[in-house]
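Read off the chains here:
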2 protein chains.
Amino acid sequence: MATVFTSRQAIQITGVTQRQLAYWRKTGLITPSQRTPGGHSRYTFHDLIALKTAKRLIDAGVSLQKLRNSITALTRTLPQLKQPLSELSLLATGDVILVFHEGAVFETLTGQEWILPIAQFQREVERKQNTRRPSPSSGQGELFPETSGDDFQDGSAANSK
Amino acid sequence: MATVFTSRQAIQITGVTQRQLAYWRKTGLITPSQRTPGGHSRYTFHDLIALKTAKRLIDAGVSLQKLRNSITALTRTLPQLKQPLSELSLLATGDVILVFHEGAVFETLTGQEWILPIAQFQREVERKQNTRRPSPSSGQGELFPETSGDDFQDGSAANSK
DNA sequence: ACCTGACAATTTTTTATTTTTTTGCCAGAT
DNA sequence: ATCTGGCAAAAAAATAAAAAATTGTCAGGT
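Residues numbered from 1 in each chain as written. Chains lettered and ligands numbered in written order. Predicted model: local features only at pLDDT ≥ 70, side-chain atom pairs only at ≥ 80, totals over all residues. Heavy atoms only, no water.

Thoughts on the pattern of salt bridges
Residues and elements named next belong to chain A.
And then number 1: According to the stated counting rule, one finds two salt bridges over all chains in the structure shown.
And then number 2: Asp-59 serves as the salt-bridge partner of Lys-55, at 2.6 Å between the closest nitrogen and oxygen. With Lys-55 and Asp-59 both in helix α3 (residues 45-59) and four residues apart, the pair spans about one turn of that helix. No difference in accessibility class separates Lys-55 from Asp-59, as the two residues are buried. (Salt bridge = Lys/Arg side-chain N within 4 Å of Asp/Glu carboxyl O. Helix = DSSP H or I, 4+ residues; strand = E, 2+ residues; numbered from the N terminus. Buried < 20%, exposed > 50% of the residue type's maximum accessible area, 1.4 Å probe, protein only.)

Below is the structure:
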């Protein structure tokens, strides 16, 4: 149950290099959960998942620094997580990392995301069309009166940059 | 049915400015599907969705140029689309635009995306653990023989950058 | 009412340069 | 066997400057 893995095993299983393992250990990105009395690393299964996740994100084009920043941001957004790399479902693009958490999608660095609800907009416009009153003069178009129109503005705050 | 909208209506409904409407029209980002004999714009419902989508992406922090590049890439990836902005479900982060299409998630510019299958990796390691043979000497860890190990490497091609 | 064009202000992209981070390799220590 | 450290190469990030794109405002034309 409480099986642990040596560095060599972690390397073979996850595909990270020895150098990376050492550097990540040194810089605190992923540290072995256990150590032998002699100071040798013992990686838990949990650790392996984190290592493999980091490896995959890197292979997906994510830089190590962005990975660090993402983890920092995630642990701030979701403090209950001890090891985001092994506890979350991450989707990597070359530039950003998205996290799927409780049905929502976040960008790891900013935490802001939303799906564009096109269907909802369609309903809005259709409702508008139903409440229109045909203007007698114009033959085509000009279906709206001097609509106050403001009720249609997208209320979402514009977060420029 | 074939209701069309004037520029003013499109502005009121979608929230884009008159200048944007004109510039997008001039640069071909979103052009009205119809014109009056006098040369005035008539935007279809389809057009409105595209306008609203562009507006929302811009509000989400996406620049117009990235929007253009995304559309170009999308129409190359999915040639059957005439107007990606009104036919796809898009998710915007500050930096990239993702498209949901037939159950998959793409990054619009590169077309490359994949979700990290953590569950699958867990199964891999567990299978490895089951096929291990206990080494007689070591008390903790060192559970693996001199495993060839290569069968565990992630086969996914590393697309650096 | 709407379109177009022109000018200027703002924003975004591009490019080049410098700095930092990451990695490979090797040697010595535990 | 594994860890640590040092050094150099490679990759990535931060920075600054220049170029391009976008937008606001206004005026004239239809």
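Resuming the write-up.
Quick notes on the protein's contact with DNA strand D
And then number 1: Around DNA strand D lies a shell of 20 residues, among which Ser-7, Ser-41, Ser-63 and Gln-65 of chain A together with Tyr-23 of chain B are the nearest.
And then number 2: Of all DNA strand D atoms lying within 4 Å of any protein atom, the proportion belonging to sugar or phosphate reaches 73%.
And then number 3: Take Arg-8 of chain A: an N or O atom from its side chain is 3.5 Å from a phosphate oxygen of DNA strand D.
And then number 4: Between DNA strand D and Ser-63 of chain A there is a distance of 2.4 Å, counted from a phosphate oxygen to a side-chain nitrogen or oxygen.
And then number 5: Those elements that provide at least two residues to the surface near DNA strand D are α1 (7-14), α2 (18-27) and α4 (64-77) of chain A together with α2 (18-27) and α4 (64-77) of chain B.
And then number 6: Considering each element in turn, the surface near DNA strand D owes the most residues, four residues, to α2 of chain B.
And then number 7: The residue inventory of the surface near DNA strand D, partitioned by class, reads three nonpolar, ten polar and seven charged. (Near = heavy atom within 4 Å. Polar contact = N/O pair within 3.5 Å; in protein donor to acceptor, adjacent residues only side chain to side chain. Nonpolar A, V, L, I, M, F, W, Y, C, P; charged D, E, K, R; others polar.)

Some details on the protein's contact with DNA strand C
And then number 1: Every one of the 20 residues lining DNA strand C counts as a neighbour, but Arg-19 and Tyr-23 of chain A together with Ser-7, Ser-41 and Ser-63 of chain B are closest to it.
And then number 2: Of what DNA strand C places within 4 Å of the protein, 75% of the atoms are sugar or phosphate.
And then number 3: In the model, a phosphate oxygen of DNA strand C is placed 2.8 Å from a nitrogen or oxygen of the Tyr-23 of chain A side chain.
And then number 4: Side-chain polar atom of Ser-7 of chain B to a phosphate oxygen of DNA strand C: 2.9 Å apart, as the coordinates give it.
And then number 5: Of all the secondary-structure elements, those providing two or more residues to the surface near DNA strand C are α2 and α4 of chain A together with α1 (7-14), α2 and α4 of chain B.
And then number 6: Ranked by residue count, the leading element in the surface near DNA strand C is α2 of chain A, at four residues.
And then number 7: Tallied by class, the residues present in the surface near DNA strand C amount to three nonpolar, ten polar and seven charged.

Description of the sheet that holds strand β1 (residues 4-5) of chain B
Residue and element names in this part refer to chain B.
And then number 1: Pairing is antiparallel in the open sheet, where three strands are placed in the order β1-β3-β2. At either margin of the open sheet sits one strand with a lone partner, and together these are β1 and β2 (34-35).
And then number 2: Both β1 and strand β3 (residues 41-44) contribute to a ladder of two bridges, which runs antiparallel. From the neighbouring strand, Val-4 faces β3, where its bridge partner is Thr-44.
And then number 3: Packing of helix α3 (residues 45-59) onto the sheet brings it into contact with β1 and β3, and relative to β3 it is tilted by some 85°. (Pairing = 2+ DSSP bridges. Contact = heavy atoms within 4.5 Å. Axes fitted to C-alpha atoms, helices over the stretch in contact; angles between N-to-C directions.)

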